Each structure stands twice: as C-alpha cells, then as structure tokens.
Amino acid sequence: MRRIKGGFTFPIAEGDEVERLERTVLENPEVRQEYIKLLKRKPDNVKIVSYLPHVFSDEALEGYNYNGASALGRSKLAMKAYEIFSNCFLEAYESEGMKLHDLASQISSAIKQSRNRMRQRTFRAKKSIKKMLNAKSEN
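Residues numbered from 1 in each chain as written. Predicted model: local features only at pLDDT ≥ 70, side-chain atom pairs only at ≥ 80, totals over all residues. Heavy atoms only, no water.

Caption draft 1: The environment of Gln113, seen in detail. Assignment of secondary structure puts Gln113 in helix H5 (residues 100-138). A relative accessible area of 39% places Gln113 in the partly exposed class. Put simply, Gln113 and Ile4 are 109 residues apart on the chain and 26 Å apart in space, counted from C-alpha to C-alpha. (Helix = DSSP H or I, 4+ residues; strand = E, 2+ residues; numbered from the N terminus. Buried < 20%, exposed > 50% of the residue type's maximum accessible area, 1.4 Å probe, protein only.)

Okay, structure coming up:
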C-alpha cells in the first residue's frame, strides 16, 4: 500500500475514492504530481494491464470503462474524460513513448481483465457456497 497527499491510499478501493482523487488532482497540483510519481513507479517493461491493479482495485473500476460505452444497458463513466486516467497516465509514461491510442488500448485491456477477475471471484464464491450447502444437507 502506498499513500500520497490528500489521504489517498493505493490501490484505491472504491469508486467514491476514484471520484475524490479526480477532483483533488484537478484542484491541487501537488497531489497531481504525487499521483504521477506513483504512476511512474511502474517498471518500463510492465504494461498498464499488469500495473493498474496496484493503483485501482477491480471494485473501484467497476463503474468505468475507457470510452464510457454502455454494456448490457448499464452505462459506464468514460475514463478518457478523467484527468487521472488520461493526461496523468500520458505524462507519467511519455518517456516510454506512450501515445493516446496505446493508452486507450492498454486501459481497455486492463478493464477487461478486471471484469474477468471479478467474474471469477463471483463464480468461486458461488461454488463455495453451493459446496457448503450440499455438505450441510448431507449431514
């Protein structure tokens, strides 16, 4: 876990904190620079897909996707409109040659992996509950 000014602990655990981080980064240049510094901790050979879970939990990103396109009738917030997901990432990774289309692709992939992890956890939890209920009914 890492902390920066403004009382932010990473990985950010919930959507409300994502929104608070966005507001604070827009209002406070010191917090913005600390956040970018945190993003720069990503090793050059590591893709955003692998690093994003160190910055935001799967649950924190549940209401977002890169373009804001709705999936199955559930609208999502567009990450590309957020400073913390767009310009801050581009600034942090400009030395790696990160361009907007690279960022969009990598964040989109990271969101897909996040959704897959969440589905897998739900599946395992349901399977575990079912197993417990079956064991109780056999007793």
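Caption draft 2: Looking closely at the packing of aromatic side chains. On inspection of all chains with the given rule, the structure shows six aromatic pairs. The structure contains a cluster of three or more aromatic residues connected by ring pairs, namely Phe56, Tyr64, Tyr82 and Phe85. (Phe/Tyr/Trp six-rings, centres within 6.5 Å; stacked < 30°, edge-to-face > 60°.)

Caption draft 3: A look at the side chain of Ser57. Positionally, Ser57 belongs in the loop between helix H3 (48-55) and strand E3 (64-65). The class for Ser57 is buried, based on a relative accessible area of 15%. Polar contacts involving the side chain of Ser57 include one to the main-chain amide nitrogen of Ala60, which spans 3.0 Å. Among residues more than four places away in sequence, those in contact with Ser57 are Pro11, Ile12, Ala13 and Glu14. (Polar contact = N/O pair within 3.5 Å; in protein donor to acceptor, adjacent residues only side chain to side chain. Contact = heavy atoms within 4.5 Å.)

Caption draft 4: Expanded view of the pattern of salt bridges. In this structure the tally under the stated criterion is seven salt bridges. Ionic pairing is found between Glu91 and Arg32, a salt bridge with its closest N-O pair at 2.8 Å. You can see Glu91 sitting in helix H4 (residues 87-92) and its partner Arg32 sitting in helix H2 (residues 29-39), a full 59 residues away along the chain. The partly exposed category is assigned to Glu91, whose relative accessible area is 27%. (Salt bridge = Lys/Arg side-chain N within 4 Å of Asp/Glu carboxyl O.)

Caption draft 5: Structural context of the side chain of Arg32. The buried category is assigned to Arg32, whose relative accessible area is 16%. Of note is the side chain of Arg32, whose polar atom sits 2.8 Å from the side chain of Glu91. Excluding anything up to four places from it in sequence, Arg32 contacts Val25, Glu83, Asn87, Cys88 and Glu91.

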